[in-house]
Amino acid sequence: VDSVHAVAEAGRLAFADRNRYLADPDFVHVPAGLLDVGYLKSRAALIDPMRSMKRAEPGAPRGAQIAMAEDASVEIPGTSHISIIDRYGNAVAMTTTIEDQFGARMMVRGFLLNNELTDFSFLPNEDGKPVANRVEAGKRPRSSISPTIVYDRTGLPAIVTGSPGGSVIINYVVKSLVGLIDWRLSPQQVADLPNFGSRNGPTELEKGTALEALRPALEARGHTVSVLEFTSGLHVLARERLTGHGGASGGWLGGADPRREGMVIGR
């Protein structure tokens, strides 16, 4: 319960800032202070270990120059991910999307065209304030794809992870990093873990998993709980010595999410 509570509360804070400030930096001034250590500590201090904040308000990071409105647009999942490490140590975390199944439903020279316009907010203004991720000519839409490579202290790749899943990708990747780094799980154990988190709405628990039993305890802490089916597709690679599984030779272990197609191959 403590872990689900903490991750959900952190997700509320992160999504509140994301929905207020993030958009194409060629069109919108994205505050540099979003990554300031002091700012992050001040946001983390808002988490009550025993009580949910229910909904987080955006913060005021350094560089937030203009008042923006919140973007509440819904992203449609239609994404794939692959994680690769080769014999030379070169790492690739690649997430690709055409946005919704079959994208724009148009094919050109054997390729389906994407439908990324749905990643924009279709409401340009809220309460008289501009939405950062509104549609504008030549603008890149905001995306939740989060291919991630974590490096060790020597500068070598130690984790390669990512997933499809629309805006829930962020929570899937967070789960994989917490599972590997904090809980010392193997990549396959991480991929198998039930999904949970919050996108600054209800606390979301994966349907049909052991997490459903946490609902009463979470509601007692003030959470509004939603039980959903999640179709994550994590592909996770991690060095053996990072997790303590398989040995300490510096080799790699892999995990593929059982909820979708995918498998671990290599030698």
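Residues numbered from 1 in each chain as written. Predicted model: local features only at pLDDT ≥ 70, side-chain atom pairs only at ≥ 80, totals over all residues. Heavy atoms only, no water.

**A word on the packing of aromatic side chains**
Now for step 1: A full pass over the atoms with the stated rule returns one aromatic pair.
Now for step 2: Relative to Phe-230, the ring of Tyr-172 has its centre 6.1 Å away and its plane inclined at 85°; by these criteria the two rings are edge-to-face. Taken together, the positions of Tyr-172 in helix α3 (residues 169–182) and Phe-230 in the loop between β11 (225–228) and β12 (235–239) put the pair 58 residues apart, joining distant regions of the chain.
Now for step 3: Accessibility expressed as a relative area gives 3% for Tyr-172, which makes it buried.
Now for step 4: Owing to a relative accessible area of 8%, Phe-230 belongs among the buried residues under this scheme. (Phe/Tyr/Trp six-rings, centres within 6.5 Å; stacked < 30°, edge-to-face > 60°. Helix = DSSP H or I, 4+ residues; strand = E, 2+ residues; numbered from the N terminus. Buried < 20%, exposed > 50% of the residue type's maximum accessible area, 1.4 Å probe, protein only.)

**A look at the layout of surface pockets**
Now for step 1: Each pocket or cavity is described by its volume, and for the largest pocket that value is around 750 Å³.
Now for step 2: If you go around the largest pocket, you meet 25 residues; those closest to its centre are Ala-10, Ala-14, Phe-15, Leu-40 and Ile-170.
Now for step 3: Elements supplying a minimum of two residues to the lining of the largest pocket: α1 (2–21), α2 (37–44) and α3.
Now for step 4: Among the elements that make up the lining of the largest pocket, the one with the highest residue count is α1 (eight residues).
Now for step 5: Class assignment for the residues of the lining of the largest pocket results in 16 nonpolar, five polar and four charged. (1 Å grid on protein atoms, 1.4 Å probe; cavity = no way out; pocket = protein on both sides within 12 Å on 5 of 7 lines; lining within 4 Å. Points joined across faces, edges and corners; volume = space filled by probe spheres on them. Nonpolar A, V, L, I, M, F, W, Y, C, P; charged D, E, K, R; others polar.)

**Here's the deal with the pattern of salt bridges**
Now for step 1: All chains considered together, the criterion is met by twelve salt bridges.
Now for step 2: Put simply, Arg-221 and Asp-2 hold a salt bridge, and the shortest N to O gap is 2.6 Å. Remark: Asp-2 occurs in helix α1 and Arg-221 occurs in the loop between α5 (215–220) and β11; sequence separation between them is 219 residues.
Now for step 3: It is possible to trace a salt-bridge network through shared partners that takes in Asp-24, Asp-26 and Arg-140. (Salt bridge = Lys/Arg side-chain N within 4 Å of Asp/Glu carboxyl O.)

**Topic: the side chain of Thr-203**
Now for step 1: With respect to the element layout, Thr-203 can be found in strand β10 (residues 203–206).
Now for step 2: A polar contact is formed between the side chain of Thr-203 and the side chain of His-223, at a distance of 2.6 Å.
Now for step 3: Residues in contact with Thr-203, not counting those within four places in the same chain, are Val-4, Ala-8, Arg-12, Gly-197, Ser-198, Leu-218, His-223, Thr-224, Val-225 and Ser-226. (Polar contact = N/O pair within 3.5 Å; in protein donor to acceptor, adjacent residues only side chain to side chain. Contact = heavy atoms within 4.5 Å.)

**Overview of the sheet that holds strand β9 (residues 196–198)**
Now for step 1: Within the open sheet, the three strands sit side by side as β9-β10-β11. Their pairing is mixed. The open sheet has two edge strands with one neighbour each: β9 and β11. Averaged over all pairs of adjacent strands, the angle between their axes in this sheet comes to 25°, without regard to strand direction.
Now for step 2: Here β9 pairs with β10 via three bridges, running antiparallel. Note that in β10 the partner of Phe-196 across the bridge is Leu-205.
Now for step 3: Helix-sheet contacts for α1 involve β9 and β10, and the interaxial angle to β9 is about 35°. (Pairing = 2+ DSSP bridges. Axes fitted to C-alpha atoms, helices over the stretch in contact; angles between N-to-C directions.)

**Section: α3**
Now for step 1: An ideal rise of 1.5 Å per residue puts 20 Å on 14 residues; α3 measures up with 19 Å between its terminal C-alpha atoms.
Now for step 2: Where α3 is concerned, the buried positions are Ile-169, Asn-171, Tyr-172, Val-173, Lys-175, Ser-176, Val-178, Gly-179 and Leu-180.
Now for step 3: Where α3 ends, the next residue or the one after it, Arg-184, has phi of about 60°, a positive value. (Expected span 1.5 Å × (residues − 1).)

**With respect to α1**
An α-helical turn contains 3.6 residues, so any two residues separated by three or four positions project in the same direction.
Now for step 1: Taking 1.5 Å per residue, 20 residues should reach 28 Å; α1 reaches 29 Å between its end C-alpha atoms and fits that length.
Now for step 2: Burial of α1 is extensive: 15 of the 20 residues sit out of reach of the surface.

**Focus on the side chain of Glu-204**
Now for step 1: Position of Glu-204 among the secondary structure elements: in strand β10.
Now for step 2: One polar contact links Glu-204 to Arg-199, side chain to side chain, over a distance of 2.8 Å.
Now for step 3: If we skip the residues at most four places from it in the chain, Glu-204 touches Asn-195, Phe-196, Gly-197, Arg-199, Ser-226, Leu-228 and Phe-230.

**A look at the sheet that holds strand β7 (residues 148–151)**
Now for step 1: On the basis of which strands lie adjacent, the open sheet formed by four strands has the order β7-β8-β12-β13 and antiparallel pairing. Two strands bound the open sheet, and with one partner strand each, they are β7 and β13 (252–256). Within this sheet the neighbouring strands show an average axis-to-axis angle of 15°, counted without direction.
Now for step 2: Relative to β12, strand β8 (residues 157–161) is paired through two bridges, and the arrangement is antiparallel. Paired with Val-160 across the two strands is Leu-237, which belongs to β12.
Now for step 3: Sitting on the sheet, α3 touches β7, β8 and β12, and the angle it makes with β8 is about 145°.

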